[in-house]
Amino acid sequence: MTRQLHLNLFILASGHHEAAWRHPGSTPDRMFDPGFYTELARTAEAAAFDAVFLADIPKLDDNIEFNSAGRLDPLVTLAVIAGATRRIGLIGTASTTYSHPWQLARSLASLDHLSRGRAGWNIVTTDSPAAARNFGLDGNPDAATRYERADEYVDAVLKLWDSWEDDAIRLDRVAGRYLDPARIHHPGIDSRHVRVQGALTTPRPPQGYPVLVQAGSSNHGRAFAAKYAEAIFTAQQHIDDARAFYTDIKRQAAGRGRDPEHVKILPGLSPVIGGTEEEALRLQAELNELTVPAFGLMQLKDFAYVDLDYLDLDERVPEEAFAGAGDVTDNLKSRTQVYADIVRREKPTLRELLHKLAGARGHKVLAGTPEQVADHIEDWFTSGAADGFNVMPPSLPAGIDVFAETVVPILRARGLFREGYTGSTFREHLGLPRPENQYTR
């Protein structure tokens, strides 16, 4: 096959199952150890993954009692990983609502230089009143305002990355001329939400722009992704829904004059892998039995804005509990819609729903053999539902170790995944062009 699968490792605490920290396949005591992150990244790099990905939200979770709480700064952590790896991409999450474009543009440009062209930015707008208060604000802006600011913000960041032309540095020792001032540009942005005057202190990133990554399934999120995103993380439970999302994003990107092949759709997948299907299901049951229902109920409120505290654990979840899920026009409830669909299709008890969501917060959880996991990946990849996957191991490091050792060789044998890297930058891994400098253009 000429078309190749893309795989990212989503590193999250002790693993993506909410009870992973209690399972022997995880190492919660190493969550703030730099070696934990470098070892995971090296495992993914040895398997030729496109990138590692770190999520972030600038607040401490409310439900910290029952789960491994706390997180490191993504860009600082990725800088440590950059020094311990050579080829793998480095995607860090940063908010357009709670950061300044000049500072973030410089940080990401610096990471791209220090990693020799491996940086990526996961663009989020952050829906969190608690985060707002951490930044001295009374409340969170509404979705329309956040996306309006995000549009101005990303435009400013791109101008800042272009503020040094590629040949600005001359290094003419004889004439004593370090750079050409005519090739330095001051954006002078004064828009509704963003004001930035001067150029960066950092030369243009090696990739031109770090890879632009986005997650969002609402109408605002899809439109924003079609305009800017080069990789899109999405939560899809069923292949038909995934195909519809894939087709819509590619269509919108083409409508903006972009090459749809330069927009990679990467659903989340949390594989619970066993030597047999029974072994995989047993591992999944072990993890589920370690969950604390009070934590799951709080997660429902946090992610889906739904309170089910009044139900007994073995009582069926009524569909009307999710009657307010709305549709994709509601920018606050795209994940709620995923949960509502699970309730409608599967009619679970509350215990079953909490176990269903414990694995990956609405992303696809698949328990099976390495062959069954590879079959799922191949089916979605070859049928227009995905360009690859954001791999979300249920526990870390065990989950990525078994995926790399058992699933990746099957994907390679089927001609779906690279034997090794052919490029050195993250853009090259994804088959993306290096953007032309807009001032040169």
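- In the annotation of an unreviewed UniProt entry, the protein is listed under the name Monooxygenase and assigned to Actinoplanes couchii.
- Under Sequence similarities (unreviewed entry), UniProt gives the following word-for-word description of the protein: "Belongs to the NtaA/SnaA/DszA monooxygenase family."

Let's talk about the packing of helix H2 (residues 74-84) against helix H3 (residues 101-114)
Link 1 in the chain: Contact geometry of H2 with H3 gives a least axis separation of 10 Å together with a crossing angle of 15°. On the basis of their axis angle, the class for H2 and H3 is roughly parallel. Relative to H3, H2 is oriented so that their crossing is left-handed. Residue-level contacts link Leu75, Leu78 and Ala79 of H2 to Leu104, Ser107, Leu108 and Leu111 of H3.
Link 2 in the chain: The residue inventory of the contact of H2 with H3, partitioned by class, reads six nonpolar, one polar and no charged.

Details of the pairing of strand S9 (residues 211-215)
The side chains of a regular strand alternate between both faces of the sheet.
Link 1 in the chain: Of all the five residues making up S9, four are buried; the element is thus mostly covered by neighbouring parts of the structure.
Link 2 in the chain: Across four bridges, the pairing between strand S4 (residues 119-124) and S9 is parallel. If you follow isoleucine 123 over to S9, its bridge partner there is glutamine 214.
Link 3 in the chain: Where S9 and strand S10 (residues 231-234) come together, three bridges link them in parallel fashion. Counterpart to alanine 215 in the pairing with S10 is phenylalanine 233.
Link 4 in the chain: In this fold, the crossover linking S9 to S10 by way of helix H6 (residues 219-228) has right-handed handedness.

Criteria and cut-off values
- Residues numbered from 1 in each chain as written.
- Predicted model: local features only at pLDDT ≥ 70, side-chain atom pairs only at ≥ 80, totals over all residues.
- Heavy atoms only, no water.
- UniProt positions renumbered as here; feature names shortened; annotations may be inferred.
- Axes fitted to C-alpha atoms, helices over the stretch in contact; angles between N-to-C directions.
- Helix = DSSP H or I, 4+ residues; strand = E, 2+ residues; numbered from the N terminus.
- Parallel < 35°, antiparallel > 145°, perpendicular 65-115°, else oblique.
- Left-handed = near helix turned anticlockwise from the far one by under 90°.
- Contact = heavy atoms within 4.5 Å.
- Nonpolar A, V, L, I, M, F, W, Y, C, P; charged D, E, K, R; others polar.
- Buried < 20%, exposed > 50% of the residue type's maximum accessible area, 1.4 Å probe, protein only.
- Pairing = 2+ DSSP bridges.
- Right-handed = clockwise from strand over helix to strand, strands pointing away.

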